Amino acid sequence: MRDLRDYSLKAHNTFGIEAKCSRFLEYETIAEAQEVAGILRESHTPYIIIGGGSNLLLTKDYEGVVVRSDVIGIQIADDRMTCGSGEVFDEMIEASLMAGLYGLENLSLIPGDVGASAVQNIGAYGVEAKDYIERIEAVEIATSRVVTIPAEHCGYGYRQSKFKQEWKNRYLITHVTYRLSTDFQPHLDYGNIREALRQAYGADDVSALTAQQLRDAIIGIRNAKLPDPKVMGNAGSFFMNPIVNREKYERLAAQYPVMPHYEVDKDHVKIPAGWMIDQCGWKGKALGRAGVHDKQALVLVNLGGATGDEIVRLCQAIQKDVEAKFGIVIHPEVNII
Ligand SMILES: Cc1cc2nc3c(=O)[nH]c(=O)nc-3n(C[C@H](O)[C@H](O)[C@H](O)COP(=O)(O)OP(=O)(O)OC[C@H]3O[C@@H](n4cnc5c(N)ncnc54)[C@H](O)[C@@H]3O)c2cc1C
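Anyway, here's the lowdown on the structure attached to this text. All residue numbers refer to position in the chain's written sequence, counted from 1. The predicted nature of this model means local features are confined to residues of pLDDT at least 70 and side-chain atom pairs, given and counted, to a pLDDT of 80 or more, with totals for whole chains, interfaces and linings taken over all residues. To get the side-chain values, take all heavy atoms of the structure and skip hydrogens and water.

### Considerations on the sheet that holds strand β1 (residues 2-8)
Just so we agree on the cut-off: Note on pairing: two strands pair once DSSP finds at least 2 bridges between them. Strands here mean DSSP runs of E at least two residues long; helices mean DSSP runs of H or I at least four residues long; both are numbered from the N terminus. Note on method: axes are straight lines fitted to C-alpha atoms, helices fitted across the in-contact stretch only, with angles between N-to-C directions ranging 0 to 180 degrees.
Taken together, the 4 strands give an open sheet; going across it, the order is β1-β2-β5-β3, and neighbouring strands pair in mixed fashion. Each edge of the sheet is formed by a strand with only one pairing partner; in this case those strands are β1 and β3 (47-50). Here the strands of the sheet are splayed against their neighbours by 25 degrees on average, with no regard to which way each runs. The pairing of strand β2 (residues 20-27) with strand β5 (residues 62-69) spans 6 bridges and is parallel. Bridging across to β5, Arg23 finds its partner in Val65.

In structure tokens:
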């Protein structure tokens, strides 16, 4: 177990913001997670749990304990993959394809760790982690008990789970089991995947392509439009895409006929927050050292040396403008500490 004091979190948040925590604990095994749970119970200090810090915005030094999983290892049994929560999620996808197990290709290159994938219900190009998660193993902090939680109990929704709500800070996740398919069924009906595959491989029948080709195409699309956090600090989509009722959507659609939208169910429609931010003129603009990415308005970036507060000020200015123009409040997807 790593147990460090007065520790810099700069390498643990993809915004690249300098902030320290009073204590940093990293567990590598279930037994160490149980030990960490004991320390958290006894120390009576506030704590947060992080993975790769790619959905995190630090606004100040953290006067408390930051806990991180470094549980690694991938076990494959038939169509199931059980992965340590500290594994890099994208490396798990690579391993799944090598093992002839399919389903996660559309989630390729999403930064972060396996543990967080089950907390965030990460999603991209029409696929969500919940579609394939079977169960989660964790240590309950209040008791150090090892628990197995079936996916059906996790309250999964769009970028949501009970781990982010009523179970917040209750569990240290140690393993996630994904149930995949031995039969490759590509998901090609979202965004520009088909077109990207046609351009990349010049094939007419794109459904005949391999899982590795689909993964490579997704990586290509993402690299073309999203900034690499190693080059320009960011946390991916800063805001969640709001879901509005149909009545509200129809009023807006009458005013903005080209407004993109995705049907959620018969009563609800999802509107891309990035489009609204762009319409407010924010794309490519900056407030101090915090900026809006010039290719994807949903992504706020650290232009170099920005503080967490500068990013928050930009976030608030955008929220105000979007609400004034569209009557919709957009909420950050990123955890602001
Ligand atoms: C360039 C870029 C692109 C992105 N694209 C996407 C995208 O397409 N789709 C998408 O959904 N997200 C995307 N994201 C957001 C981010 O990658 C995901 O939210 C990811 O799951 C965060 O993983 P992490 O390990 O960095 O978690 P962190 O940000 O460190 O933590 C996320 C949450 O998980 C909890 N957590 C982490 N590990 C554990 C554990 N072991 N036990 C208990 N709780 C834990 C934390 O407490 C926190 O609530 C993107 C981010 C970036 C920087």
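### Observations concerning the pattern of salt bridges
Definition in use: Criterion for a salt bridge: a side-chain nitrogen of Lys or Arg within 4 Å of a carboxyl oxygen of Asp or Glu. Remark: exposure states derive from per-residue accessible area (1.4 Å probe, protein chains only) relative to the maximum for the residue type, with buried under 20%, exposed over 50%, and partly exposed in between.
All chains considered together, the criterion is met by 21 salt bridges. Among the salt bridges present, the one from Glu134 reaches Arg80, with a minimum N-O distance of 2.9 Å. Of this pair, Glu134 sits in strand β10 (residues 133-140) while Arg80 sits in strand β7 (residues 80-84), placing them 54 residues apart in sequence. Its relative accessible area of 27% is what places Arg80 among the partly exposed residues. Via salt bridges that share partners, Asp79, Arg80, Glu134, Arg135 and Arg179 belong to a single interconnected network.

### Describing the packing of helix α4 (residues 193-201) against helix α5 (residues 211-225)
Test applied: Oblique is the label for any angle not covered by the other classes, which are roughly parallel (under 35 degrees), roughly antiparallel (over 145) and roughly perpendicular (65 to 115). Residue contacts are counted whenever heavy atoms from the two residues lie within 4.5 Å of one another. For this scheme, ten residues count as nonpolar: Ala, Val, Leu, Ile, Met, Phe, Trp, Tyr, Cys and Pro. Four count as charged, namely Asp, Glu, Lys and Arg, and the remainder, Gly too, count as polar.
Between α4 and α5, the shortest axis-to-axis distance is 10 Å and the interhelical angle comes to 105 degrees. In terms of their interaxial angle, α4 and α5 are classed as roughly perpendicular. Facing α4, whose interface residues are Ile193, Ala196, Leu197 and Tyr201, α5 presents Gln213, Leu214, Asp216, Ala217, Ile218 and Ile221. Looking at side-chain class alone, the contact of α4 with α5 contains 8 nonpolar, 1 polar and 1 charged residues.

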